[in-house]
Amino acid sequence: MIPELGHFALILALTLAIIQTLFPLIGATINKISWMLLARPTAIGQFIFVTFAFFCLMYSFVTNDFSVLYVAQNSNTNLPLFYKVTALWSAHEGSMLLWITVLSCWTFLVAIFSKSLPLDTIARVLSVLGFISIGFLIFILTTSDPFIRLLPNFPANGQSLNPLLQDPGLAIHPPMLYIGYVGFSVAFAFAMAALLSGRLDAAWTRWSRPWTLAAWCFLTFGITLGSWWSYRVLGWGGWWFWDPVENASFLPWLTGTALLHSLMVTEKRGAFKSWTLLLAICAFALSLLGTFLVRSGILISVHAFAVDPTRGEYMLKFLFSVIGISLLIYAWRANKIKGSSNFALLSRETLLLTNNVILMVAMATVLLGTLYPLILQALNLGKISVGPPYFNAVFVPLMMPLFFIMALGPQADWQQMPKKALLEKFWLVFIAALILGCALPYLFTGTENLFATVGIGLGLWIIFATLQGSYRLHKKVNLKNISRSHYGMVIAHIGLAITLIGITLSSIYSVEKDVRLAPGQSTHLANFKFAFTNIAALTGPNYTGFITQFDVTQDHQLMATLHPQQRFFSVQQEGISDPGISKGLFQDFYVALGEKMDTDSWAVRIYYKPFVRWIWAGGILMMLGGIISVFDKRYRKQSLKKIFD
Amino acid sequence: MRLIKSVLVILLISISCKCFAENKMIYSFNNNSQQQQFDTLTYELRCLVCQNQNLAESNATLAADLRTQIAEMIVKGFNNQEIVNYLVNRYGDYILYEPPVMKKTWLLWFGPFILLAVGLSVLYIAVYIIRRRENKLSEISTIEKQKIKRILSAMEE
Amino acid sequence: MIFIKLIKPIIPLLILISIGFFLWRGLAINPTLVPSALIDKQIPEFNLRNLISPQQTLSKQIFLGHVSLLNVWATWCTVCANEYPVLIDIKNTHLVTIYGLDYKDDRQTALRWIKKYGNPFAKIGFDPEGTTAINWGVYGTPETFVIDKKGIIRYKVIGEVSHRIWQRILLPLIEKLQREST
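Residues numbered from 1 in each chain as written. Chains lettered and ligands numbered in written order. Predicted model: local features only at pLDDT ≥ 70, side-chain atom pairs only at ≥ 80, totals over all residues. Heavy atoms only, no water.

This part is about the confidence of the model for chain B. Residue and element names in this part refer to chain B. Averaged over every residue, the pLDDT of chain B is 82; the share at 70 or more is 84%. Taken element by element, the predicted model of chain B shows its lowest mean pLDDT in helix α1 (residues 2–14) (40) and its highest in helix α4 (residues 80–91) (94). Every residue in residues 1–18 scores below 50 in pLDDT, and together they form 30 contacts with partners more than four places removed in sequence or on other chains. In the predicted assembly, ipTM is 0.87 and pTM is 0.91. (pLDDT = per-residue confidence, 0-100. Helix = DSSP H or I, 4+ residues; strand = E, 2+ residues; numbered from the N terminus. Contact = heavy atoms within 4.5 Å.)

Here it is in structure tokens:
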């Protein structure tokens, strides 16, 4: 009964979405207020029905309803409750339902937090969001229905969840990513509303900025979580593989970061409006592209969902229509966009736009690398692989100039920044960063290392310059007048610097070793001794296996105790190795069990990874910076006022 | 086309591919540089059975066989390029995670840097042109203002 | 100047169309298929013991002078079982010689298999370690190579040889190769 209700709710949601799309848009064009007023209620209605459908599926999972095909494919009675819930988005159909639920939530939030917007604007924005909903609802109802039933012969138990997915980090990583991706649809909708109305002043940028920030925060968090998860669970000490699906989430992030900075220029100075509009369209286009790539079977990826060409076809057609139509509208209105831009070659505007160029080139590079094998094959030019060696070799140098100017931008004046003033502000910090960058690798390891110097130097440069700039601002300006956005910027930029330093140090100074050890034996790595001290049988809710103990010592002083495990899941007949990791602020010790080699000894993989936590700490800081900026008083005053009125 | 695809799916299933189960031998080398050579090579070569893993991580039988082959070649003294050539001659460029630099990958390797140079140039030229135009416009309007002033003062006389 | 002004707004659309084109083509391509690197190249080494008479060693020579197929198979490979009757049908047409490469198998199990299901192969090379297979760029089973009279590999079927593939691809190719001179 419940699954049928869920299915029906989706159909109702589709009907509401159609009304939500057509009436407000036409109403805005012919200025019919009663039609425009339909936007908010239909958006709220759609949200209610879609969320209801989502909870219907959730109910089926929690009550072990294996008559629902999707539940039978992904769950099992011996699965812990937490994973029964997260299994909902572990495969294609459920993840699409999650997508549309997140979209309806964003739509709902836009509908209620927009009282200060003109009616025709909100009508158009919700209409665009409705159009996207229609596309996805039809996709779900025709090709990816999670509510399909296996009556009358349904299995007594299900195929359970892939053991790798039975991890808390992995459980919340998809919802966070989706909230991020899908959130860019709001920026897209605002951009389209501006284009459709012909009102291309800077107001739309002010409205869309908090929404874009919020989406960006979630995307940052989702990517950070994914990276942290793969390090913790996969057993190879890696945290980024340039896998096509990872790249698919990185592309909107790069574009979103560019968009955030570009919105700033357009909002404050009214400059480069068409570029910002394009970025908003591009960010959302890349979100859709990512959704397409994972499900189409076009690329090989460890993340890819089950391959089905019909799904891929539909998604591609949908992506093409949505973005194609929006770009046509853009081309139509392009000449009406009047920019007022008069700024010098050295000014904050130019620095921000340089940031944009670099980010978009980086984005294009990742896109090119991901699609290149496909391009060559489609042109019958043979088959190649483009993997981490390529991306590391090309992406990293591209980003270097960005890290450098990142420190200059916030402190440059709008319109014109005299070269002398710039030099005066920064020479001391520059020298400090340079010296430390050269000295630190030498002090700690006894040898120089160019890459370490560049990485540390740039990271410290960003931190020092940003802090110095903030300090100067506090001296010049009253504390009351410093916006939260400023603190958001400081924290986010420092976060990126910390990630940079973490990446540099852990990439250069990590060491690893494959050995064969029996309990009682030990081995050495870096300056540490890893001793295999204990082993015991292990039983979990849906697995059995072994748990071991490794003691890490340095000069007879105990640094850490690790418990790597080997787990065997009976339902799926699959085993995983759960590494033992000791988390430290400045280093991680990491031990992963391999196969049991004979009666006693095990194949063991040992890593020493310095500063690897900094990578994710930086990510969290970036997210925090974004959150703080969202709560900038400029954005809140308006909406709070309206709510209380 | 669909037939071929479904056949291939069956093919992949028939290859015993327990991609995440553990089934590795330990290769120990006498010296560090050989170990490093082995690690570098196995990380940068793709497993053709479990195609989203490299040779180091994959537990497919083919990956194990290729690792043994690579280990033997390293001990015999072959260098990285020779081992890579050996494998590429048999399996094609696809086995290499680092795309070789050849005519058909020039766009891939050089494109990004060219794009960066072009993008920055376009940006700076655009900024320069717009600024010059705006300055000219404000100049013109100043000249016009002065003209009007003179005409007005002439009219007053 | 006017030209640039006209073109500028359409550039993003053009980019979308080109990316869309490649993605569209991509839907028709199977990403896991690895094309053979040995097409139009001489056959690699083939020094294997004969599965049935192990005192005999086979060599590259067996492929020269006529058009032949080399089928890589194993008893543990379930798809090979599907393909086997098709191979026997092909053998019975007497249009081409089929050689076998028994990949990473157990000799006794293989011999029992042949006794039970028949033998479409003129000769079978036994490759228990898989090293010869690596030389041929084999990455899974079954795979079938088409070799011409001069000993050059002209085509590779990855996956099962079905009747459809025989009729549509292999038969026309073999007839064409038969017409070529030695």
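As a further point, take the pairing of strand β7 (residues 574–578) of chain A. Residues and elements named next belong to chain A. With five bridges joining them, strand β6 (residues 565–569) and β7 adopt antiparallel strand pairing. Looking at β7, one finds that R567 is bridged to I576. Between β6 and β7, which pair antiparallel in sequence order, lie four residues; one of them, Q573, sits at a positive phi of approximately 55 degrees. (Pairing = 2+ DSSP bridges.)

Now for the packing of helix α7 (residues 119–143) of chain A against helix α12 (residues 309–333) of chain A. Residues and elements named next belong to chain A. Between α7 and α12, the least distance of the axes is 11 Å, while the angle of their chain directions is 170 degrees. Taken together, the axis directions place α7 and α12 in an arrangement best described as roughly antiparallel. Residues F131, I132, G135, F136, I138, F139 and T143 of α7 pack against R311, Y314, M315, F318 and V322 of α12. Here the contact of α7 with α12 is built from residues that sort into nine nonpolar, two polar and one charged. (Axes fitted to C-alpha atoms, helices over the stretch in contact; angles between N-to-C directions. Parallel < 35°, antiparallel > 145°, perpendicular 65-115°, else oblique. Nonpolar A, V, L, I, M, F, W, Y, C, P; charged D, E, K, R; others polar.)

This paragraph deals with unusual backbone geometry. Residues and elements named next belong to chain A. For the bond running from L151 to P152, omega is -5 degrees, close enough to zero to count as cis. In this fold, P152 is placed in the loop between α7 and α8 (168–197). A positive phi is found at N31, a non-glycine position, where the angle reads about 60 degrees. Looking at the secondary structure, you find N31 in the loop between α1 (2–30) and α2 (33–36).

Residue and element names in this part refer to chain C. Read across the sheet, seven strands follow the order β2-β1-β5-β4-β3-β6-β7 without closing on themselves; strand pairing throughout is mixed. Of all the strands in the sheet, the pair left with one neighbour each is β2 (57–58) and β7 (153–158). Pairing of strand β3 (residues 68–73) with strand β6 (residues 143–147), which is carried by five bridges, proceeds in the antiparallel orientation. Pairing of L69 across the sheet is with V146, part of β6. Strands β3, β6 and β7 of the sheet are contacted by helix α6 (residues 163–179), whose axis makes an angle of about 170 degrees with β7.

This paragraph deals with the interface of chain A and chain B. Chain A puts 52 residues into the contact, and the matching count from chain B is 40 residues. Roughly 4,200 Å² of surface becomes buried between chain A and chain B when both sides are summed, with 68% attributable to carbon and sulfur atoms. Counting the contacts that link chain A with chain B gives zero salt bridges. Our count for the chain A to chain B interface comes out at nine residue pairs in polar contact (both at pLDDT 80 or more). Looking at the side of chain A that touches chain B, the elements that each hand over two or more residues are α13 (348–378), α14 (388–408), β1 (511–517), β7, β9 (587–596) and β10 (602–610) of chain A. The dominant element in the side of chain A that touches chain B, judged by the number of residues it contributes, is α13(A), at 12 residues. Considered class by class, the residues forming the side of chain A that touches chain B number 33 nonpolar, 14 polar and five charged. (Buried area = accessible area lost by both parts, 1.4 Å probe. Salt bridge = Lys/Arg side-chain N within 4 Å of Asp/Glu carboxyl O. Polar contact = N/O pair within 3.5 Å; in protein donor to acceptor, adjacent residues only side chain to side chain.)

What follows is about the interface of chain B and chain C. Taken together, the contacts link 25 residues of chain B with 32 residues of chain C. Overall, the association of chain B and chain C removes approximately 2,200 Å² of surface from exposure, summing both partners, and the carbon and sulfur fraction of that is 61%. Across the chain B-chain C interface, the total number found is one salt bridge. The closest approach of N and O atoms between D65(B) and K104(C), which form a salt bridge, is 2.6 Å. If you look at where chain B meets chain C, you find four residue pairs in polar contact (both at pLDDT 80 or more). Sorting the residues of the side of chain B that touches chain C by element identifies α1, α3 (61–76) and α4 of chain B as the ones contributing at least two each.

Here we come to a nonpolar patch on the surface. Residue and element names in this part refer to chain A. Judged by side-chain polarity, F404, W427, L428, F430, I431, L434 and I435 come together as a nonpolar surface patch covering roughly 690 Å² of accessible area. Broken down by element, the nonpolar patch gets its largest block of residues, six residues, from helix α15 (residues 419–445). For I435, the position within the fold is in helix α15. The exposure class of I435 is exposed, given its relative accessible area of 53%. (Patch = residues over 30% accessible without salt bridge, like charges linked within 9 Å, V, L, I, M, F, W, Y side chains within 5 Å. Areas by Shrake-Rupley, 256 points an atom, 1.4 Å probe, with all protein chains shown as cover. Buried < 20%, exposed > 50% of the residue type's maximum accessible area, 1.4 Å probe, protein only.)

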